[in-house]
Structure formats: C-alpha cells, structure tokens
Amino acid sequence: MTMHAIKDVLAWCAGLNYLILFIWFAIFVLAHDWMYEMHGRWFKFSVETFDVIHYAGLAIYKIGIILFNLVPLVAICLVS
C-alpha cells in the first residue's frame, strides 16, 4: 500500500469510529431510560453505575480512536 492509501484508510476509520461514538452518545442521552430498563432486565445495578459504565466506555473508545487512528494519521501526514 502507498502512504496515500494508508492515509485515506486511517482517515475513513477515524471518521467512521467518531460516527459510532456520536451515535452511541446520542442514544445514551436521548434514550437513557429505555437503555437502562433494557439492560436492567439482565443486570442489577443502579442508574449511577449504569452511567459510569457508559461514560467509561465512551472514554475508552475515544482514547482508542485517538491512539489507533488519529496518531498514526498525523504521523504519516508529518512524514509525507
């Protein structure tokens, strides 16, 4: 693969991953009670615990996007 192709792939991956992150956040904010009730059927935890789990999941996913998509993309842009 050429550097240009790798740059394009990383840019698309970052964009799609951020789209997933924004959809997750929007569903979490707009359908919070529905999600809590749905997950509450399987797992017994408080609303605060549910919020912490999702907040931590969003943060870890965002860090993963930065580490695995954006940092390599910036490095390739700086080198080329």
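The shown structure was predicted, so the numbers you read here are calculated from the model rather than taken from an experiment.

**Student:** Hey, could you run me through the packing of aromatic side chains in this one?
**Tutor:** Aromatic rings in a pair are described by how distant their centres are and how their planes are angled relative to each other. Counted according to the given criterion, the structure contains seven aromatic pairs. Centre to centre, the rings of Phe-45 and Phe-50 are 6.0 Å apart; their planes meet at 15°, and the pair counts as stacked. The class for Phe-50 is buried, based on a relative accessible area of 1%. A connected cluster of aromatic rings, assembled from ring pairs, spans Phe-28, Tyr-36, Phe-43, Phe-45 and Phe-50.

**Student:** Before we go on, may I ask you to explain the packing of helix 1 (residues 3-30) against helix 3 (residues 47-79) in this structure?
**Tutor:** A pair of packed helices can be characterised by two numbers: the angle between their axes and the separation between those axes. Between helix 1 and helix 3, whose axes approach to 9 Å, the crossing angle comes to 165°. The angle between helix 1 and helix 3 falls in the class roughly antiparallel. In the crossing of helix 1 with helix 3, the sense of the turn from one axis to the other is left-handed. Tallied by class, residues from the contact of helix 1 with helix 3 come to 23 nonpolar, four polar and three charged.

**Student:** I keep staring at helix 3 and nothing clicks. Help me out?
**Tutor:** For an α-helix, the turn length of 3.6 residues means that residues three or four places apart are oriented alike. With 33 residues, helix 3 extends 47 Å between its outermost C-alpha atoms, agreeing within 8% with the 48 Å of an ideal straight helix rising 1.5 Å per residue. Along helix 3, the helix axis deviates most sharply at Ile-66, where the bend reaches about 30°. When helix 3 is considered as a whole, its buried residues turn out to be Phe-50, His-54, Leu-58, Ile-65, Asn-69, Leu-73 and Ile-76.

Conventions and cut-offs
- Per chain, residues are indexed from 1 in the order of the written sequence.
- For this predicted model, a pLDDT threshold of at least 70 governs which residues receive local features, and a threshold of 80 or more governs which side-chain atom pairs are given and counted, while totals over whole chains, interfaces and linings are taken from all residues.
- Note that the side-chain values use all heavy atoms of the structure and ignore hydrogens as well as water.
- The criterion for an aromatic pair is that two Phe, Tyr or Trp rings (for Trp, the six-membered ring) have centres within 6.5 Å, with stacked assigned to planes under 30 degrees apart, edge-to-face to planes over 60 apart and tilted to the rest.
- Note on classification: 1.4 Å probe, protein chains only; a residue is buried when its accessible area is under 20% of the maximum for its type, exposed when over 50%, partly exposed between these limits.
- Each axis is a line fitted through C-alpha atoms, and for a helix only the stretch in contact is used; angles between axes span 0 to 180 degrees, taken between their N-to-C directions.
- A run of H or I in DSSP becomes a helix once it reaches four residues, and a run of E becomes a strand once it reaches two; helices and strands are each numbered from the N terminus.
- Reported orientations rely on four angle classes, namely roughly parallel under 35 degrees, roughly antiparallel over 145, roughly perpendicular from 65 to 115, and oblique for the rest.
- In this scheme the crossing of two helices becomes right-handed for a clockwise turn of the near helix relative to the far one and left-handed for an anticlockwise turn of less than a right angle.
- Think of it as three bins: nonpolar holds Ala, Val, Leu, Ile, Met, Phe, Trp, Tyr, Cys and Pro, charged holds Asp, Glu, Lys and Arg, and polar takes everything else, Gly as well.
- What a helix should span is 1.5 Å times the count of its residues minus one.
- Throughout, the bend at a residue refers to the angle made by two axes, fitted to the seven residues ending there and to the seven starting there.

None of this, on its own, says anything about what the molecule does.
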